[in-house]
Amino acid sequence: MIKLFFKIIASFLLLLGLLVAYIFIDFDDNSPPKKEQPTIVNDITQLNPIEVTSVVQPTSIKEIVEAIKSSSGPISIGGGRFSQGGQNAYPDSIHLDMRAFNKVLAFDPTKKQVTVQSGITWRDLQEVIDPENLSIKIMQTYANFTVGGSLSVNVHGRYIGEGPIIRSVESIKLIKANGEIVNASPTENSTLFYGAIGGYGGIAVIAEVTLNLVANVKVKRYTEKMSVQNYKAYFSDNIRHDQNVIFHNADIYPPNFTEIRSVSWLKTDDALTVEQRLIPKNKEYTWQPKVAEFVADSNFGKWMRQYIMEPLLYSFDAVQWRNYEASYDVYELEPSDRINQTYALREYFIPIQNFDNFAVKMTGIFKKHKANIINVSIRHALPDNDSLLAWARTEVFAFVVYYRQETNEKAKEQVKLWSQEIIDAVIEENGAYYLPYQLHASTPQFMKAYPRANEYFELKLQVDPDYRFRNKLWQQHYEANIEMHVDLTNE
């Protein structure tokens, strides 16, 4: 019994000694310092992780100016992060994440104008203007994007009689690389206006935007299927000059690319088949991503889409509000992960008279490289004659290519190869390719597709002489084409 007592006492003292040692020994003395996790900015494809120095989330113009003036190195600017080639970030930059800069500053329903901070999403703006039965005049199909990001890439949508978003912008407020705040419009500081819109964050921070709005109306869907060769004449005869057409696109069916379905939404007084005024936010999508994956997986899936799924989908009438049709959520097609394969976009702008020539060339390239094309959507845009990086120098058809690729290096090289071949075909047809996507174009291709690029570079050198505003797009094309006033290699 006594031995047991001493064993208990000895065990207690041992435990007490270990506890004291735990409390007083500095375990960090001999351990390596903890490394901070890198700050990574990526895009929706997950193909372009970029390590930045820090991320600033401004909520006011004052905070943006402070971030610029209190630093001296590179600055990158990002919104919804839906560009797909590093257009929103730059290595070791201070990254301005604009998504918390999202207030509505002024709204005049009578004048049909609204002024917003540039980080607001279209979907959040729709909630403000819809009760007044007003709609955004021009935007892309999906409403998740930020207003500033949309201006930065000069988006377009499916709107007939319209074109790039710049045609709906009344004015903008910019913050320059020296922290100066300036207003810009077609009549005030117009060079800055036409440089910053469609300028991919290289000229200035787009801080505030005043937009012109239009009436919200009921729209009814009409579809028609035809051969690709008949589409140009069909569009000219039935769509182009019909002022009742609000939205229009036409989908070319892979893998043969010989058939096309026209989808138009016309103003109507018919009774609604969809009572909701906007698609609900944060909706869970179950079957849509699975259908997209099924279509991408095989030619059988593509056949099923063309001959079974879509004929059923379009077999009934659809009447809804314009705002409902403009409030799609990009995540309706988001896959469960993008680890081994991802979905991406390409877009090509072709003068309307060259539609048939380009369609043949594009099809040949896709088939040659066995590219996994899910859809090619045709849109229409009127010219933008003023912006320095205009993609619609004449009236154009836009070929919006949605495809799936694997994420390994071999697959990336394959995509780069067919992408460059198509850009050559675009240039042959006096067209342009869209800049928000993967940076596979060579600089000579960029200069040919954007003949006013040197004017843009001259403006950038003038307003950003120390090359503060950067991203991967300008790293690729600007640094190779301009004599900088700073030593880029020593920064």
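Okay, so let's go over this structure.

What counts, and at which threshold
- Residues numbered from 1 in each chain as written.
- Predicted model: local features only at pLDDT ≥ 70, side-chain atom pairs only at ≥ 80, totals over all residues.
- Heavy atoms only, no water.
- Helix = DSSP H or I, 4+ residues; strand = E, 2+ residues; numbered from the N terminus.
- Contact = heavy atoms within 4.5 Å.
- Salt bridge = Lys/Arg side-chain N within 4 Å of Asp/Glu carboxyl O.
- Buried < 20%, exposed > 50% of the residue type's maximum accessible area, 1.4 Å probe, protein only.
- Lys, Arg positive; Asp, Glu negative; His and termini not counted.
- Polar contact = N/O pair within 3.5 Å; in protein donor to acceptor, adjacent residues only side chain to side chain.
- Phe/Tyr/Trp six-rings, centres within 6.5 Å; stacked < 30°, edge-to-face > 60°.
- Lys NZ or Arg CZ within 6 Å of the ring centre and 35° of its normal.

1. Points about the environment of lysine 416
Examined against the element boundaries, lysine 416 turns out to sit in helix α11 (residues 409–428). For the pair lysine 416 and histidine 440, spaced 24 residues apart in sequence, the C-alpha separation works out to 5.3 Å.

2. Overview of the environment of tryptophan 265
Inspection of the secondary structure assignment puts tryptophan 265 in strand β14 (residues 259–267). Along the chain, tryptophan 265 and alanine 292 lie 27 residues apart, while their C-alpha atoms are 23 Å from each other. Sequence-distant contacts of tryptophan 265, that is, excluding residues within four places in its chain, are made with Arg158, Val219, Lys220, Arg221, Asn244, Val245, Ile246, Phe247, Ala318, Gln320 and Glu325.

3. A short note on the pattern of salt bridges
With the rule as written, the count across this model stands at 22 salt bridges. One salt bridge connects aspartate 130 with arginine 277, and the closest N-O pair in it is separated by 2.7 Å. Taken together, the residues aspartate 130 in the loop between α3 (122–129) and β8 (134–136) and arginine 277 in the loop between β14 and α7 (287–297) connect sequence positions 147 residues apart. Classification of aspartate 130 as buried rests on a relative accessible area of 6%. For arginine 404, the salt bridge is made with aspartate 297, and the minimal N-O distance between the two is 3.0 Å. Taken as a pair, arginine 404 in strand β18 (residues 396–406) and aspartate 297 in helix α7 lie far apart in primary sequence, 107 residues in all. A single salt-bridge network, built from bridges that share partners, covers Asp251, Arg261, Arg305 and Glu310.

4. Some details on the side chain of aspartate 329
Tracing the backbone shows aspartate 329 in the loop between α9 (322–325) and β16 (341–351). Buried charge aspartate 329 goes without a salt bridge, the closest partner of opposite sign being arginine 123 at 7.4 Å. A polar side-chain atom of aspartate 329 sits 2.9 Å from a polar atom in the side chain of asparagine 144. Contacts of aspartate 329, omitting those with residues within four sequence positions, involve Tyr142, Asn144, Asn282 and Tyr285.

5. Quick notes on the packing of aromatic side chains
Counted by the stated rule, this structure contains 33 aromatic pairs. Residues tyrosine 231 and phenylalanine 355 carry aromatic rings whose centres are separated by 5.6 Å and whose planes lie at 45° to one another, so their mutual orientation is tilted. Of this pair, tyrosine 231 sits in helix α6 (residues 228–238) while phenylalanine 355 sits in helix α10 (residues 355–369), and the two are 124 residues apart along the sequence. Overall, the relative accessible area of 0% leaves tyrosine 231 in the buried class. For phenylalanine 355, a relative accessible area of 0% gives the class buried. Ring centres of phenylalanine 349 and tryptophan 391 lie 4.1 Å apart, and the angle between their planes is 20°; this geometry places the pair in the stacked category. Of this pair, phenylalanine 349 sits in strand β16 while tryptophan 391 is found in the loop between β17 (373–381) and β18, placing the two residues 42 residues apart along the sequence. For the residue pair phenylalanine 349 and tryptophan 391, the accessibility class agrees, reading buried in each case. Through a chain of ring-to-ring contacts, the aromatic side chains of Tyr433, Phe446, Tyr450, Tyr456, Phe457, Tyr467, Trp474 and Tyr478 assemble into a single cluster. Geometry around tryptophan 321 places arginine 277 over its ring, the cationic atom sitting 4.6 Å from the centre.

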